[in-house]
Amino acid sequence: ENTVSINDIQQELSKTHIYASQGSVFVKFDLKQRQDVHITVFDLLGKQLVNYNQDAYNELITLSLPTMVSGVYVVKLETQQWESVEKVKLNNNWF
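Because the structure is predicted, anything quoted here is derived from the model rather than measured.

1. Observations regarding the overall build of the protein
For step 1, the next point in the chain: When helices and strands are counted, the protein shows one helix and five strands.
For step 2, the next point in the chain: A total of 95 residues make up the protein; the buried ones form 36% of that total.
For step 3, the next point in the chain: Across the protein, contacts joining residues at least 24 apart in sequence account for 53% of those joining residues at least 6 apart.
For step 4, the next point in the chain: Total accessible area on the protein is roughly 6,100 Å²; 48% of this is exposed by carbon and sulfur atoms.

Below is the structure:
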């Protein structure tokens, strides 16, 4: 039987970091095992803007979003075992 405890999920989420900088969203993973990760970016009205799948383990994923206007967006991360939703502030102003 394959079981996952709440503690395991909290540890994996604490090792996952999302941040934005000048037209890109960065997602840093430090997972215990390789997993399929689904990343979705929404605007604040709930419109899906980016849909990205990646096999991740211990890596940094960069989503380049140069055409999106500066503002606050919602990033949803999903695996088979957990999901997380965070807001990020994207700044596409280069000056």
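After presenting the structure, the write-up continues.
2. Describing the nonpolar core
For step 1, the next point in the chain: If you look at the biggest cluster of nonpolar residues, it comprises 20 residues, and the most contacted ones within it are Val 25, Phe 29, Ile 39, Val 75 and Leu 77.
For step 2, the next point in the chain: When contributions to this core are tallied by element, the ones reaching two or more residues are β2 (24–42), β3 (48–64), β4 (71–78) and β5 (83–90).
For step 3, the next point in the chain: The dominant element in this core, judged by the number of residues it contributes, is β2, at seven residues.
For step 4, the next point in the chain: The residues contacting Val 25, other than those within four sequence positions of it, are Ile 18, Tyr 19, Ala 20, Ile 61, Thr 62, Leu 63, Leu 65, Val 75, Val 88 and Leu 90.

3. Observations concerning the pattern of salt bridges
Oppositely charged side chains can pair when the atoms bearing their charge come close.
For step 1, the next point in the chain: In this structure the tally under the stated criterion is two salt bridges.
For step 2, the next point in the chain: The residue Glu 78 makes a salt bridge to Lys 76 at a minimum N-O spacing of 4.0 Å.
For step 3, the next point in the chain: Overall, Glu 78 belongs to the partly exposed group, its relative accessible area being 24%.
For step 4, the next point in the chain: Across the salt bridge formed by Glu 83 and Lys 76, the nearest N and O atoms sit 4.0 Å from each other.
For step 5, the next point in the chain: Since its relative accessible area comes to 46%, Glu 83 is described here as partly exposed.
For step 6, the next point in the chain: Overlapping salt bridges bring together Lys 76, Glu 78 and Glu 83 as one network.

4. Some remarks on the pairing of β5
For step 1, the next point in the chain: Here β4 pairs with β5 via eight bridges, running antiparallel. Bridge pairing in β5 places Val 75 opposite Glu 86.
For step 2, the next point in the chain: The antiparallel pairing of β4 with β5 creates a hairpin that spans four residues between the two strands.

5. Examining the environment of Glu 86
For step 1, the next point in the chain: One can find Glu 86 in strand β5.
For step 2, the next point in the chain: Put simply, Glu 86 and Val 41 are 45 residues apart on the chain and 9.8 Å apart in space, counted from C-alpha to C-alpha.
For step 3, the next point in the chain: Residues in contact with Glu 86, not counting those within four places in the same chain, are Ile 18, Tyr 73, Val 74 and Val 75.

6. Let's talk about the confidence of the model for the protein
For step 1, the next point in the chain: For the protein, per-residue confidence averages 78 on the pLDDT scale, and 81% of positions sit at 70 or higher.
For step 2, the next point in the chain: Within the protein, the element-level pLDDT minimum falls on helix α1 (residues 6–14), averaging 49, and the maximum on β4, averaging 89.

7. Some remarks on the environment of Ile 18
For step 1, the next point in the chain: By the element assignment, Ile 18 lies in strand β1 (residues 17–21).
For step 2, the next point in the chain: In this structure the C-alpha to C-alpha distance between Ile 18 and Leu 77, which are 59 residues apart in sequence, comes to 9.6 Å.
For step 3, the next point in the chain: In this structure Ile 18 touches Val 25, Phe 26, Val 27, Val 75, Leu 77, Glu 86 and Val 88, once residues within four positions along its chain are discounted.

Rules and cut-offs
- Think of each chain on its own: its residues are numbered from 1, step by step along the sequence as written.
- pLDDT decides what is reported in this predicted model: residues at 70 or higher carry local features, side-chain atom pairs at 80 or more are listed and counted, and totals for whole chains, interfaces and linings draw on all residues regardless.
- Only hydrogens and water are set aside; all other atoms, that is, all heavy atoms of the structure, feed into the side-chain values.
- A run of H or I in DSSP counts as a helix once it spans at least four residues, and a run of E counts as a strand once it spans at least two, with each numbered from the N terminus.
- A 1.4 Å probe rolled over the protein chains alone gives each residue an accessible area, and that area as a share of the maximum for its type sets the label: buried under 20%, exposed over 50%, partly exposed in between.
- Contacts are assigned to residue pairs with any non-hydrogen atoms lying within 4.5 Å of each other.
- Every accessible area reported is derived by Shrake-Rupley at a probe size of 1.4 Å, with residue values counting cover from the shown protein chains alone.
- For our purposes a nonpolar core is just a set of buried Ala, Val, Leu, Ile, Met, Phe, Trp, Tyr and Cys residues, chained together by side-chain atoms within 4.5 Å.
- Definition used for salt bridges: Asp or Glu carboxyl oxygen within 4 Å of a side-chain nitrogen of Lys or Arg.
- Paired strands are those between which DSSP finds at least two bridges.
- Each residue gets a pLDDT score, which is the predictor's confidence in that residue and runs from 0 to 100.

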